[in-house]
Amino acid sequence: MPGREQARYLDELNSEQRSAVETLDGPVLLLAGAGTGKTRALTTRIAHLINSRDVRPYRILAVTFTNKAAREMKTRVGQILGEVVEGMPWLGTFHSISARMLRYNAELAGLKSNFTILDTDDQVRLLKQVLQAADIDQKMFPARHLAGMIDRWKNRAWTPDKVPDREADWGRGRAIKLYSDYQDRLKTLNCVDFGDLLLHMVQIFSKNQAILDGYCRRLKYILVDEYQDANVAQYLWLRLLASQRQNICCVGDDDQSIYGWRGAEVGNILRFEKDFPNSKVFRLEQNYRSTGHILAAASHLISFNRNRLGKTLWTQSDQGEKVRLISHYDSVSEAVWVGDEIEAIQKGSRGRAPVALDDIAILQRTTFQMRQFEDRFLRIGLPYRVIGGPRFYERREIRDAIAYFRLAMSPADNLAFERIINTPRRGIGDKSFQMIFNRAREAGISLVEASGDLVSEGQFAAKTRRELDRFLGDLEVWGRIIHGGEKNHVEVAEQILDESGYAGHWASSKAVDAPGRLDNLKELVRSLHEFENLQGFLDHVSLVMDHDQETGEERVSLMTLHAAKGLEFPVVFLPGWEDGLFPSLRALATKSGNEALEEERRLGYVGITRAEKACYISFASRRRAISGEWTDCVPSRFIDELPEEHVDILPSHDASIFGAAVMPDWRFGETGFRQDTAAGSGINTPGWRRANARRNLVRSTPGRSPAFGGGQPNLGDATRFSVGDRVFHQKFGYGRILQIDHDKVRVRFETSSEWSIAASYLSPATTGGE
DNA sequence: AAGATCAAGCTTTTT
DNA sequence: GCTTGATCTT
């Protein structure tokens, strides 16, 4: 009963956590550093609302970004309250909650409440049609590109009329028109894409005070997880919903904002106090995850960031092991070494107790780094799992199967029809499809209806007609069974996959991956059991994309740094700390210097703070690039930003295998990074300094200013260049500076073109041969 | 209409 | 270097 029993869960919190949990009214910003019990604070707060204020669970809006986070929150609230949390309908991801709201108010967006949510695949397919209709050269202007642009616009809550003209020179100046064409097509197809889920609701809220009032009245308390990841649309959505009661509690960590490139605005968190007057800010700074050295290394690295609110993490746990730094000859030997080290750790080495494979993770900047590890681990038989690989529901066979279900359910689903009409082969090629498509457009009917008409008119080649007729007949039968409901939905699904010939198609395929795909189909059918009916399944499938398949066996985890956020492991390997790869040259080239570099640094911070007891950082002198050829590498500038007193430099493992004499292009002598140099510090060797001369030069401004001038983004940072410097531009590639004029720089590129470019679009070329 | 061959692309990722 | 999409060939 509320308040009667002194809540025991409060005793388990430290004083900051407790303040954050007990300050229930008004805006609260909870700055929670890595490993400081953020989720605990958030879930306890929910429990406390329910317990002490007697707030009904359905009056609480709790938003996360991923389904996984939502699920975890739900379970943990349940644990605190002892399983009494009956239904928190408003606990979920931004998208799933907004989708539910949109279903209630669909007509206000010109939709029917049973609209379909398109994923990226469908989206691109639709855009291709739009481009084709507009007669635009798709080679010059690929649909994927447009999809990305529209996505970014929607992230910023820009409807077609709000997109600034300067954004629109794509597609012969017709980008905005194409965007609005696309929105029209979506509406007629009764579809939305992911961005629309938020955007439509923001618009509805802005235009219909009564609707907004309704939600504001109902949702008394708002909680937001990972606030630093919110984009503008999500921010507006929240601000509208919080506008009346102002009971909003956002939890986030500006230092872990690593999704700027997909629209997240760190500015949201930095601006919170302005947006919500009279807000209270609490900081969680006691770290419960990592040992002292690891925490110190991470803190020191992130301290180079300038655009941050600033926190000082501390821990009560002992210093533990220092972060280990090791160099390798190339990316292959790096993988070999990591494999060997894992086997040693597993048995227990370096005075440590044996560590289970489940407790070890390898975190990388990019996915293509993964392969070298997979190759090696397969060879030595080290079990591993790749986290965040191609998702189950995005696999071709799964999407095909889903398209069959969708079409059987609603024959007007043109996108589904288009996807599977000729898989398996039914003799419907481009020409036949064009015929159907044209007929549908002329008569204003669906593709299914159009094919029916054409068949009865005796069109098509005889074989095609027979096949198509049969398929349409099947569709009708399946539809009747589904809607009649006399048969279990799992059986219907099996029937569809059988009779359509789709399952048979994979069963008889000789492709190497065919058996695996067949397995996935079986897995799909199995997962159908968890749903009440096919419609329920389809509703969930577009938004709830994850589907973990746990095999009982112990495995090492392989994933990207991005995928690792929110996770923790006793032992963490961070390979590939080389300039150009990490920080990623491409990331640095897309935005002007500082902003992007700081995001990369945060990525490093996220990586190190995943480690509880041991953290290995490594780099190689040569690496196989994405395109297969070998490139020489220079250690990451972030290595230089690690605090020496918290780092152990391991002797280069390869020194004993390859001597400098054997490998003439051995570079460590030049780049430094030798434990035994006179300088005493393996990091700060003369060679390493030389390799970084340019950067150090720039960084010699007083204080600990970050690399690249330390100015605010877009300040005249041409000063970081001088004539003759080798630079990189995202579009034009590598080049050399001819002339500098304020922030304009004239560059001759290796494609032998010459351009004057704002310095902010250039980055120093640190890799690649001179 | 389907198989075969060629060129282009390629950071990070959720919903 | 490998996958994907577009074009060519049969």
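Structure first, text after, so check above.
First things first, this report covers the structure right here in the doc.

What counts, and where the lines are drawn
- Residues numbered from 1 in each chain as written.
- Chains lettered and ligands numbered in written order.
- Predicted model: local features only at pLDDT ≥ 70, side-chain atom pairs only at ≥ 80, totals over all residues.
- Heavy atoms only, no water.
- Near = heavy atom within 4 Å.
- Polar contact = N/O pair within 3.5 Å; in protein donor to acceptor, adjacent residues only side chain to side chain.
- Buried < 20%, exposed > 50% of the residue type's maximum accessible area, 1.4 Å probe, protein only.
- Helix = DSSP H or I, 4+ residues; strand = E, 2+ residues; numbered from the N terminus.
- Pairing = 2+ DSSP bridges.
- Core = buried A, V, L, I, M, F, W, Y, C linked by side-chain atoms within 4.5 Å.
- Contact = heavy atoms within 4.5 Å.
- Salt bridge = Lys/Arg side-chain N within 4 Å of Asp/Glu carboxyl O.
- Nonpolar A, V, L, I, M, F, W, Y, C, P; charged D, E, K, R; others polar.
- Patch = residues over 30% accessible without salt bridge, like charges linked within 9 Å, V, L, I, M, F, W, Y side chains within 5 Å.
- Areas by Shrake-Rupley, 256 points an atom, 1.4 Å probe, with all protein chains shown as cover.
- Lys, Arg positive; Asp, Glu negative; His and termini not counted.
- Charge placed at Lys NZ, Arg CZ, Asp CG, Glu CD.
- Disulfide = S-S within 2.5 Å.

## As for the protein's contact with DNA strand C
Every residue lining DNA strand C is accounted for by K139, R371, I626, S627 and G628. Backbone atoms, meaning sugar and phosphate, make up 27% of the atoms of DNA strand C lying within 4 Å of the protein. At 3.5 Å from a base nitrogen of DNA strand C is found a main-chain nitrogen or oxygen belonging to I626. Here S627 contributes a backbone N or O atom positioned 3.4 Å from a base nitrogen of DNA strand C.

## Considering the pairing of strand β2 (residues 60–64)
Burial of β2 is extensive: 5 of the 5 residues sit out of reach of the surface. Residues I60, A62 and T64 line one face of β2 and the alternating positions L61 and V63 line the opposite face, and both faces are buried. Two strands pair when backbone bridges link them, and β2 and strand β6 (residues 221–224) are joined in this way by 4 bridges, in the parallel orientation. By the bridge assignment, L61 is partnered in β6 with I222. With 3 bridges joining them, β2 and strand β3 (residues 91–93) adopt parallel strand pairing.

## Looking at the nonpolar core
Nonpolar side chains in soluble globular proteins generally cluster together in the buried interior. Counting 74 residues, the largest nonpolar core has M101, W237 and L241 as its most contacted members. Top element by residues in this core is helix α9 (residues 194–207). It accounts for 7 residues. With near-sequence residues (within four places) excluded, L241 lies in contact with L61, M101, F205, L212, Y215, C216, L219 and I222. Membership of the second largest hydrophobic core comes to 51 residues, among which are Y404, F437, W478 and I481.

## With respect to the pattern of salt bridges
Throughout the structure, instances matching the rule amount to 45 salt bridges. Between K154 and D196 there is a salt bridge, with the nearest N and O atoms lying 2.8 Å from each other. Remark: D196 occurs in helix α9 and K154 occurs in helix α6 (residues 143–155); sequence separation between them is 42 residues. Two residues, D255 and K311, come together in a salt bridge whose shortest N-O distance is 3.2 Å. Of this pair, D255 sits in the loop between β7 (248–252) and α12 (266–270) while K311 is found in the loop between α14 (292–302) and β9 (323–330), placing the two residues 56 residues apart along the sequence. Here the two residues D255 and K311 agree in accessibility, since each one is buried. Through salt bridges that share partners, D119, D121, D122, R125, R399, D400, R406, D413 and R419 make up one connected network.

## Some details on the protein's contact with DNA strand B
Contacts to DNA strand B come from 29 residues, most closely from R365, T367, T560, R586 and A587. Atoms of DNA strand B within 4 Å of the protein belong to the sugar or the phosphate in 59% of instances, the rest to bases. W261 is positioned with one of its side-chain polar atoms (N or O) 3.4 Å from a base oxygen of DNA strand B. Contact between DNA strand B and R365: a base oxygen at 2.3 Å from a side-chain N or O atom of the residue. By residue class, the composition of the surface near DNA strand B is 6 nonpolar, 15 polar and 8 charged.

## What to know about a positive patch on the surface
A cluster of basic residues, R217, R218, K220 and R245, forms a positive patch on the protein surface. Looking at the secondary structure, you find R218 in helix α10 (residues 209–218).

## Digging into the state of the cysteines
Tallied over the full model, the rule gives 0 disulfides. No disulfide involves C615; its sulfur sits 20 Å from the nearest other cysteine sulfur, which is in C633. Judged by its relative accessible area of 2%, C615 falls in the buried class. Of the residues examined, C633 reaches a relative accessible area of 7% and is grouped as buried.

## Observations regarding a negative patch on the surface
Judged by side-chain charge, E491, E494, D498 and E499 come together as a negatively charged surface patch. Tracing the chain through its elements places E499 in helix α22 (residues 489–499). By relative accessible area, which is 34% here, E499 ends up partly exposed.

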